[in-house]
Structures are given as C-alpha cells and as structure tokens.
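This is what each chain is made of:
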Amino acid sequence: MKNVLYITLSLLSLSAFAQTKAEKEAQKAIANSKKYTYEGNTALKGDKPVQAEVEYRKAIAEDKNNATAQYNLGTMYYQQKSYDEAFSRLKNASTSDKITEEEKHKAFHNLGNAFMKNKEYEKAVLSYKEALRHNPKDEETRYNLAVAKEMLKQNPPPPQNNKNNKDKNNQQNQNNQQNQQNQNNQQNQNNQNKNQDNKNNQDNKDNKDNKKDQGDKQDKNKDKGDDQKDPNQNNQQNKNQSGQGQGEQRPSSLSPQQMERILEAMNNEERKTQEKINAQKVKGQRAKTEKDW
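Being a predicted model, the structure only gives us computed values, none of them experimental.

Caption draft 1: Inspection of the overall build of the chain at higher detail. Helix and strand counts for the chain stand at ten helices and zero strands. In sequence order, the secondary structure elements of the chain are arranged as α-α-α-α-α-α-α-α-α-α. Evaluated residue by residue, the chain yields a buried proportion of 19% over its 293 residues. In the chain, the share of contacts with a sequence separation of at least 24, taken over all contacts with a separation of at least 6, comes to 47%. Counting every atom, the chain has about 24100 Å² of accessible surface; 48% of that belongs to carbon and sulfur.

Right, dumping it as structure tokens:
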C-alpha cells in the first residue's frame, strides 16, 4: 500500500513539474514578445522601418496572440502601400481584445480607402464591412461602403467559371506541352535506337563479308596449290590404282568340270599354235646343197 501511494505521489510531482515548466516557457515567450514589440516601436519612431519589421516579426513568432505587434505591423504595411499584407495582419489583430475597437475601426477604414485607390473594389467592400463591425455608427465608413459596392457592381470581377476555365485551359496547355515534350524525347530515343541497330547490322554485314573474302582467298590458294602439283604424281596414282584393279583375282564361280574343259581347250589351242610356229620354221630353212661331213 505504501509503495502504491509513493508511486502516485511521484507521478503527481512529475506532472506538476512538467506543467510548471510549460507555464514558465509560455511566460518567457510572452515576455520576449513584448520586448521585441517595444524594440519594434522604438525602431519605427527612429525611422527604421526595416528594423521595425524584423522586431515585430520576432514578437509574433514568440506569441501569435500579440495583437499590438500584429496591429503595428499591419499599419506599417498600410503606410508602405503593401495592402494585402496589411489586411492580413490587421485581420489577425482584430480578433484580439488587447487593442481598442476604435483602433480596429480606423485601421480597416483606412485600408478600405487604400483598396479603392487601387480599384480593388471587392477587397474595399470587405475592409469597410470590417470597419463597421467595430464602429457601426461611423457614417463616413457606411458611405464609403455604398460607393465601393456601386463600383464593384459596375466593375464586377471575372466570373468564377471563366476563371476556372482559364485555369483549366492553362493546365491543359501545360499538359499538352509536356506531352509534346515527352513525344519528342521518345522520338529522339527511337531514332537513336534505330541508328544503333543500323550500325550493328552494318558491322555484322561487314564482318560476314570479311569472313567470306577470307574463305574465298583460302579456296583460291588451295586450288592454286593443286594446280602446281606434279602431273606425274597423278598419273602414278592412277596407274597404281589401275594396277591394283588388274591384280585382283575375281572369285571363281565355275564348276570343276567346266574348269577342266576350259583348260583342255586352252591346251589344244596352245598346241595348235606351237605346231604352226614349228611349220613356219621348217619352211623358212634353206635346203642344203652339200652333204654334211
């Protein structure tokens, strides 16, 4: 039980410490914001508007609810004829109760007059309406509001549809330009790929032609070498081939009786031939006229 109580007290202490730290930081930020506002006012009185703007911006960065810094910065922008920026700052200041209603009324009334000079009648109407919210009894502001409405009626802003169409057309033109650029890039890429393919094909063709020329040259040298060979060598080869063909014995397919008859006929023929030769020898000898001794 004591442990649980100790843990609870510790958590409460930490929470209180964290809350105290956050409050201290918030108070410090408010103090810094007031300091920067004072320095901005001093710079503005010393005719140093640039330095004053820097100090007012620092003050607003420290505390966005610093209505005095917002109002003073908006008034300074109004004097510099930066009316859009002035309207934004004064609009922020108008939500605070730290500046008087009369100050707010005067700021927006003057801002409406500035927009009228710039022929920004729609913004002038909004400014005069803001001024009347803080002082509905000011007849001058009410009159100016009526004039601003009449000028706005005679010079109405372009219809929203036309503006949308204009924006749409601009977007369409940008898309068309982007598409055209993409097409051009794609066409260039295709041309580069095509040129590379043609180059590769030409290289392959040249390689094939070179190989073919080398092969023809080798065949030509081979034929030339065959023509220079010794013709006797060819004749000798043919002769050897012929001799081998004659020397071969064909296997016999005759019967023994047929072989015997053929041999007998060959012997008879040889005997007849020998007899003729002998007869011719006898006929060709001269008769002896003398008796042999």
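Additional details are given in the paragraphs that follow.
Caption draft 2: Examining the confidence of the model for the chain more closely. Chain-level pLDDT for the chain is 77 on average; 69% of the residues reach the 70-or-more range. Helix 9 (residues 231-247) is the least confidently modelled element of the chain, averaging 48 in pLDDT, while helix 7 (residues 139-154) averages 95, the highest of any element. Here residues 238-251 scores under 50 on pLDDT; set against residues more than four positions off or in separate chains, the count is zero contacts. Here residues 286-293 is a poorly scored stretch, pLDDT under 50, and it has zero contacts once near neighbours within four places are set aside; other chains count.

Caption draft 3: Spatial organisation of the environment of Leu44. For Leu44, the position within the fold is in helix 1 (residues 2-45). With relative accessibility at 33%, the residue Leu44 sits in the partly exposed group. A C-alpha to C-alpha distance of 9.9 Å links Leu44 and Glu55, two positions eleven residues apart in sequence. Residues in contact with Leu44, not counting those within four places in the same chain, are Ala52, Tyr56 and Met76.

Caption draft 4: Just helix 3 (residues 67-79), in detail. When the terminal C-alpha atoms of helix 3 are compared, their 18 Å separation across 13 residues agrees well with the 18 Å that a helix rising 1.5 Å per residue should span. Among all positions of helix 3, only Ala67, Ala69, Gln70, Tyr71, Asn72, Leu73, Gly74, Met76 and Tyr77 are buried. With a side-chain oxygen positioned 3.3 Å from the backbone nitrogen of Thr68, the residue opening helix 3 is Asn66.

Caption draft 5: A look at a nonpolar patch on the surface. Judged by side-chain polarity, Leu254, Met259, Ile262, Leu263 and Met266 come together as a nonpolar surface patch covering roughly 450 Å² of accessible area. Relative to the helices and strands, Leu254 resides in the loop between helix 9 and helix 10 (256-284). Residue class for Leu254 comes out partly exposed when judged on its relative accessible area of 43%.

Caption draft 6: Representation of the pattern of salt bridges within the structure. Taken as a whole and assessed by the stated rule, the structure comprises seven salt bridges. The closest approach of N and O atoms between Lys123 and Asp84, which form a salt bridge, is 2.7 Å. Of this pair, Lys123 sits in helix 6 (residues 121-134) while Asp84 sits in helix 4 (residues 83-93), and the two are 39 residues apart along the sequence. Given a relative accessible area of 47%, Asp84 falls into the partly exposed group.

Caption draft 7: Summary view of the environment of Asn66. Here Asn66 lies in the loop between helix 2 (49-62) and helix 3. Asn66 sits 33 residues away from Ile99 along the chain, and the two C-alpha atoms are 10.0 Å apart. Setting aside chain neighbours within four positions, we find Asn66 in contact with Ser33, Lys34, Thr37 and Ala59. Here Ser33 takes part through its side chain, which lies 2.6 Å from a polar atom of the side chain of Asn66. Within the structure, the side chain of Asn66 is placed 3.1 Å from the backbone nitrogen of Ala69, a separation counted as a polar contact.

Caption draft 8: Fine view of the side chain of His134. Take His134: it is sitting in helix 6. Assessed through its relative accessible area of 12%, His134 is described here as buried. Every residue in contact with His134, bar those within four places of it in the chain, is listed here: Ser94, Glu101, Lys104, His105 and Phe108.

Caption draft 9: View of the packing of helix 3 against helix 4. Between helix 3 and helix 4, the least distance of the axes is 8 Å, while the angle of their chain directions is 160 degrees. Comparing their axes, helix 4 and helix 3 come out roughly antiparallel. The interaxial crossing formed by helix 3 with helix 4 has left-handed handedness. Between helix 3 and helix 4, the residues in contact are Ala67, Gln70, Tyr71, Leu73, Gly74, Thr75, Tyr77 and Tyr78 and Tyr83, Glu85, Ala86, Arg89, Leu90, Asn92 and Ala93, respectively. Partitioned by chemical class, the residues of the contact of helix 3 with helix 4 number nine nonpolar, four polar and two charged.

Caption draft 10: Expanded view of the packing of aromatic side chains. Applying the stated criterion across every chain yields a total of four aromatic pairs. A ring pair is formed by Phe87 and Phe108, whose centres lie 6.1 Å apart and whose planes are at 80 degrees; its orientation type is edge-to-face. With a gap of 21 residues between them, Phe87 in helix 4 and Phe108 in helix 5 (residues 101-117) connect regions that are remote in the sequence. Taking relative accessible area as the criterion, Phe108 reaches 1% and is therefore assigned buried. Seen from their ring centres, Phe87 and Phe115 are 6.2 Å apart, and the 65 degrees between their planes marks the pair as edge-to-face. Here Phe115 lies in helix 5 and Phe87 lies in helix 4, a separation of 28 residues in the sequence. Each member of the aromatic cluster is reached from another via a ring pair, and the members are Tyr78, Tyr83, Phe87, Phe108 and Phe115.

Criteria and thresholds
- Residues numbered from 1 in each chain as written.
- Predicted model: local features only at pLDDT ≥ 70, side-chain atom pairs only at ≥ 80, totals over all residues.
- Heavy atoms only, no water.
- Helix = DSSP H or I, 4+ residues; strand = E, 2+ residues; numbered from the N terminus.
- Buried < 20%, exposed > 50% of the residue type's maximum accessible area, 1.4 Å probe, protein only.
- Contact = heavy atoms within 4.5 Å.
- Areas by Shrake-Rupley, 256 points an atom, 1.4 Å probe, with all protein chains shown as cover.
- pLDDT = per-residue confidence, 0-100.
- Expected span 1.5 Å × (residues − 1).
- Polar contact = N/O pair within 3.5 Å; in protein donor to acceptor, adjacent residues only side chain to side chain.
- Patch = residues over 30% accessible without salt bridge, like charges linked within 9 Å, V, L, I, M, F, W, Y side chains within 5 Å.
- Salt bridge = Lys/Arg side-chain N within 4 Å of Asp/Glu carboxyl O.
- Axes fitted to C-alpha atoms, helices over the stretch in contact; angles between N-to-C directions.
- Parallel < 35°, antiparallel > 145°, perpendicular 65-115°, else oblique.
- Left-handed = near helix turned anticlockwise from the far one by under 90°.
- Nonpolar A, V, L, I, M, F, W, Y, C, P; charged D, E, K, R; others polar.
- Phe/Tyr/Trp six-rings, centres within 6.5 Å; stacked < 30°, edge-to-face > 60°.

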